[in-house]
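Here is how the chains run, residue by residue.
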Amino acid sequence: MKALVATRFGVPAEMTLEDRPMPTLKPGHSLVRIHATTVNPLSSQVRSGIVTAALAPVVLSNDGAGVVEDSARFKRGTPVAVYGGAQLGIREDGLQQQWAVIEDKRLLVLPGNIDLDEGAALPINYVTAYQALTRVGQVKPGQRVLVSGASGALGHALIQTALALGAIPIGIVSSTRKVPYAQRSGATRVIDLASETLKEAVLAATEGQGADLAFDPVGGELLGPLVGALRTRGALVSIGFVGGMSASIDVADLVIEEKRVLGYDAWLETDDEVAAAFIAIRRFIDKGLLRTVIDSRFALIEHAAAYARLASREATGSILLKP
């Protein structure tokens, strides 16, 4: 079988398409024929050497979708999504290969109205969105929430999940071209930073009160202004740092307004928490409230183009590799 292997981390990383033997089934695991897997910020961070827990050589990617070929738990032919947590693509070989043996607890049976491409974009984005909103942000119906990077795959999941939970999402994008994509996700208002000032636009959209919560997959220089756009005792949940790992915050504003800055890390989710999130996500899918969006598809041999697309920050949905 073919496997895309990160043989050396760095910038640039060394990636090799290898021929490998078929993996051997183990107890408590299923053999899955991988249909598609994502190129996401985590796999990019691993291959660049940012994630110190990862060791090369390793097959990247911790989420995707495929079909069960052999299993004691699932019927052969069952379509499944894979949530790899802090293991697959980091401490163990991930999903950028044609076949994988995966722990049963990491598999989510896909409903009939979600195809395998859509299913590949489901696990990490929607578990992250649901848990960041509920466990960390403790969002309540009617609250107004800011979502940065609103045209991207995680931004899309955050907006849809916020709506499903009864909140009012306000999307934030970096260019006018991205506005329609955030609107497509369901944002009730989209702030275009190319033509608007963040705080003024948020105050105008919230009757001068500021947002209750902000969810930030971008980080960098955007984090500080997002905190400034919160209401008194509002909270920001920092989810990622594709825009940079350093930020500046007005400490006086933080103290005087009793605002909070919280972190979210999908790696810290327990098996029970992920299982509960899967149940909630499946319920929302069955109600027609959640649907993933795909930006582009690449073959394994086109991996360089896929990672270049991710690095461009122009993607408006999930980027897939198709083994």
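What comes next is a walk through the structure. (Residues numbered from 1 in each chain as written. Predicted model: local features only at pLDDT ≥ 70, side-chain atom pairs only at ≥ 80, totals over all residues. Heavy atoms only, no water.)

**Some details on the packing of helix α3 (residues 123-136) against helix α4 (residues 153-164)**
For the pair α3 and α4, interaxial distance at closest approach is 9 Å and the crossing angle is 50°. Relative to α4, the element α3 lies oblique. Between α3 and α4 lies a crossing of right-handed hand. Across the interface between the two elements, N125, Y126, T128, A129, Y130 and L133 from α3 touch A153, L154, H156, A157, L158, Q160, T161 and A162 from α4. Its residues placed into classes, the contact of α3 with α4 shows nine nonpolar, five polar and no charged. (Axes fitted to C-alpha atoms, helices over the stretch in contact; angles between N-to-C directions. Helix = DSSP H or I, 4+ residues; strand = E, 2+ residues; numbered from the N terminus. Parallel < 35°, antiparallel > 145°, perpendicular 65-115°, else oblique. Left-handed = near helix turned anticlockwise from the far one by under 90°. Contact = heavy atoms within 4.5 Å. Nonpolar A, V, L, I, M, F, W, Y, C, P; charged D, E, K, R; others polar.)

**Quick look at the sheet that holds strand β14 (residues 260-263)**
Taken in spatial order, the six strands make up an open sheet running β11-β10-β9-β12-β13-β14, and their pairing is parallel. With one partner strand each, in any of the chains shown, β11 (189-192) and β14 form the two edges of the open sheet. Going from strand to strand, the sheet's axes swing by 20° on average, the running direction of each strand aside. Where strand β12 (residues 211-216) lies against strand β13 (residues 230-238), five bridges are found, and the strand directions are parallel. The residue bridging L213 from the neighbouring strand is A235, located in β13. Here α4 sits on the sheet in contact with β9 (144-147), β10 (168-173) and β12, set at roughly 170° to β9. (Pairing = 2+ DSSP bridges.)

**Observations regarding the pairing of strand β15 (residues 294-299)**
By the bridge criterion, five bridges tie β15 to strand β16 (residues 318-322) in an arrangement that is parallel. The partner of S296 across the bridge, within β16, is I319. Tracing the backbone out of β15, into helix α10 (residues 303-312) and back to the parallel element β16 gives a crossover that is right-handed. (Right-handed = clockwise from strand over helix to strand, strands pointing away.)

**Some points on a nonpolar patch on the surface**
A cluster of nonpolar side chains, namely I50, F241 and M245, defines an oily patch on the protein surface of about 300 Å² accessible area. Looking at the element boundaries, F241 is found in the loop between β13 and α8 (251-256). (Patch = residues over 30% accessible without salt bridge, like charges linked within 9 Å, V, L, I, M, F, W, Y side chains within 5 Å. Areas by Shrake-Rupley, 256 points an atom, 1.4 Å probe, with all protein chains shown as cover. Salt bridge = Lys/Arg side-chain N within 4 Å of Asp/Glu carboxyl O.)

**Digging into the pairing of β10**
With five of its six residues buried, β10 lies for the most part within the structure. Crossover handedness for the path β9 to α4 to β10: right-handed. Bridge analysis of β10 against β11 gives four bridges, and the strand direction is parallel. Bridge assignment links I172 to a residue of β11, and that residue is I191. With helix α5 (residues 179-185) bridging β10 and the parallel β11, this β-α-β connection has right-handed handedness. (Buried < 20%, exposed > 50% of the residue type's maximum accessible area, 1.4 Å probe, protein only.)

**Quick word on the pattern of salt bridges**
Applying the stated criterion across every chain, the model contains 21 salt bridges. Taking the shortest distance from any N to any O, the salt bridge between E18 and R20 comes out at 3.2 Å. Look at E18 and you get partly exposed, because its relative accessible area is 25%. The exposure class of R20 is partly exposed, given its relative accessible area of 22%. R231 is the salt-bridge partner of D212, the closest N and O atoms lying 2.6 Å from each other. Pair noted here: D212 is in strand β12 and R231 is in strand β13, with a separation of 19 residues, a long-range link. D212 gets classed as buried once you look at its relative accessible area, which sits at 15%. A network of salt bridges, in which partner residues are shared, links E103, K105, R106 and D271.

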